[in-house]
Amino acid sequence: MLLAHRIRLAATPVQCEYFARAAGTARRVWNWALAEWQRQIASSLRPDARALKKHFNAIKYAYPDWLDADGRPWLRAIHRDAHAQPFAHLAKAWTRYVAARKAGQSAYPPRFKKKGRCRDSFYIANDKFRVEGKSAVLPKVGRVALAEVLRFPGKIMGATVWREADHWFLVVQVEVPDETTLRRRTGHGVLGLDLGVTAAATLSTGEKIAAPRPLRSALRRLRIRSRRQSRKVQAAKTAAGISGRIPKGMRLPSSANQVKGARRLARLHARIARIRADFTHKRTTRLCRENQAVAVEDLHVKGMLANARLARSIADVGFYEIRRQLQYKARRYGTVIVLADRWYPSSKLCSACGQKNSMLALAERAWTCSCGVHHDRDMNAAMNLQRLATGALAARTALPVASPAATPGTVAGMVAAAEGEVTPVRYEHGQ
Ligand SMILES: [Zn+2]
């Protein structure tokens, strides 16, 4: 199983400066390759990443664009992997785009990367670096201290150096042997999991998990800092005599305080991301560890239902991430993840009598069925999902060879069938 460990680098200022330049190089090469690619498509050629790379290698030490003020090729100061990998990434991005369009999904073609607007990162191949305890030896910069020891044993497949706010990280991809990735479950429950906005998760066992509290206060602080920052930008615009949009290609002069504010804001964004990641990791691990089957909604539904106001709260909880983590952790714990069909009306069915309440509005948090049972909306949905999980589990034991047919448009079709399979179920199962 391919796992990645993200380790913070305790890099010296000189090393950080190199990382920034290498990431800038990767970005610039990506943009160059993308421009070439687009140009070739426009003149109805078939672009090819390898040919493009060859072309780039021929010009990168010669063309004026890639020479510094003294006429020397500045790419020589950057390790080769940083400017070779963008071609592979670009080819992959196009392939993915074309595949998505063929499958009828909406997709955007690869875009140009803008400084400050894209992830700063660059790649290092596995034979170009090594990890030794609490340090790593990277090309061009030598030994860099790591904040922690590499967690996974196994073959190192490669690494990416990656910036978040003002820290650099080394993300090491490791092919970990199965005997170390597979874990023993501590329970064999069958669980329905309703992801929601009021409670981040409602379990069919009756438990409600709220979104982490630090997140709420951090979000308040985020609003304050964002506002301060946008006022600074606004002030700079007024000083430059611009109203409305900043013209393309123009750079506003930024004050020292603006730079400081931007860094503070970036740090806060990073902290929020960490709080969220901590929360989802702990919850998803627990759910996979304690249950043999977990049913969740294929949340495309809610994404589409969502109006702008809801979308914010949905992004806050990180629904997509919860489901993604459940899916890969399920493989480690041998848990079956049951994805409810996107049309499955988990909230509208009465979990006691099975009747469907089509009149249920999105805002109704509780309702009473005609059979007399009073339902908490989320709890009822979780119960219905649990029934799906039970049904899917029974179907699996009765028919051990049944292949989990993918529901069109769900992630399930793309997940490899391993121990913890993802079993999509259709609407009928629940009835
Ligand atoms: Zn009922």
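Refer to the structure printed above.
All figures in this text were calculated on a predicted structure; none of them were measured in a lab. (Residues numbered from 1 in each chain as written. Predicted model: local features only at pLDDT ≥ 70, side-chain atom pairs only at ≥ 80, totals over all residues. Heavy atoms only, no water.)

## Focus on the coordination of the zinc ion
Stated formally: Because no water is among the atoms considered, metal sites can look incomplete, with donors defined as N, O and S atoms within 2.8 Å of the metal, or 3.2 Å for Na, K and Ca. The geometry test gives tetrahedral to four donors whose angles all lie between 85 and 135 degrees, gives square planar to four donors and octahedral to six donors whose opposite members are over 155 degrees apart with all other angles between 65 and 115, and gives irregular to the rest. Burial here depends on accessible area, computed with a 1.4 Å probe over protein chains only, as a share of the maximum for the residue type. Under 20% is buried, over 50% is exposed, and the range in between is partly exposed.
Those protein atoms acting as donors to the zinc ion are C350 (SG), C353 (SG), C369 (SG) and C371 (SG), and they sit at 2.2 to 2.3 Å. Seen from the zinc ion, its four donor atoms lie at angles of 105 to 117 degrees, and the figure they make is tetrahedral. When the donors of the zinc ion are listed by position in the chain, the intervening gaps give C-x2-C-x15-C-x1-C. Relative accessible area serves as the criterion here: at 39%, C353 is assigned to the partly exposed category.

## Overview of the pattern of salt bridges
What counts is decided by this rule: Only one rule defines a salt bridge in this text: a Lys or Arg side-chain nitrogen within 4 Å of an Asp or Glu carboxyl oxygen. Here a strand is any run of E in DSSP of at least two residues, a helix any run of H or I of at least four, and the numbering for each starts at the N terminus.
Inspection of every chain in the model, using the stated rule, returns 19 salt bridges. Among the salt bridges present, the one from D278 reaches K282, with a minimum N-O distance of 3.0 Å. One end of the pair is D278 and the other is K282, both in helix 6 (residues 256–290) and four residues apart, which spans about a single turn. Overall, D278 belongs to the partly exposed group, its relative accessible area being 38%.

## Structural notes on empty space enclosed by the protein
It is the rolling of a water-molecule-sized probe over the atoms that shows where space remains empty. Threshold: Grid points spaced at 1 Å and placed over the protein atoms alone form the basis of the search, with a cavity being a set where a 1.4 Å probe fits but cannot get out and a pocket an open set showing protein on both sides within 12 Å along at least five of seven lines. Lining residues have an atom within 4 Å of a point. Grid points are joined across faces, edges and corners, and a volume is the space filled by probe spheres set on the points. In this count, Pro and Cys sit with the nonpolar residues alongside Ala, Val, Leu, Ile, Met, Phe, Trp and Tyr, while Asp, Glu, Lys and Arg are called charged and the others, Gly among them, polar.
Within the structure shown, the criterion is met by two cavities of 30 Å³ or more. Within this model, the largest cavity holds a volume of roughly 70 Å³. Lining the largest cavity are L193, L195, A200, A201, I209, F279, T280, R283, T284, L287 and I322. When residues of the lining of the largest cavity are assigned to their parent elements, the largest contribution, five residues, is made by helix 6. Class assignment for the residues of the lining of the largest cavity results in eight nonpolar, two polar and one charged. Size it by volume and the second largest cavity reaches roughly 30 Å³. Lining the second largest cavity, in full, are Y18, F19, H79, F122, I124, L138, P139 and V141. Elements supplying a minimum of two residues to the lining of the second largest cavity: helix 1 (13–42) and strand 2 (121–125). Its residues placed into classes, the lining of the second largest cavity shows seven nonpolar, one polar and no charged.

All we've got here are geometric facts, nothing functional implied.
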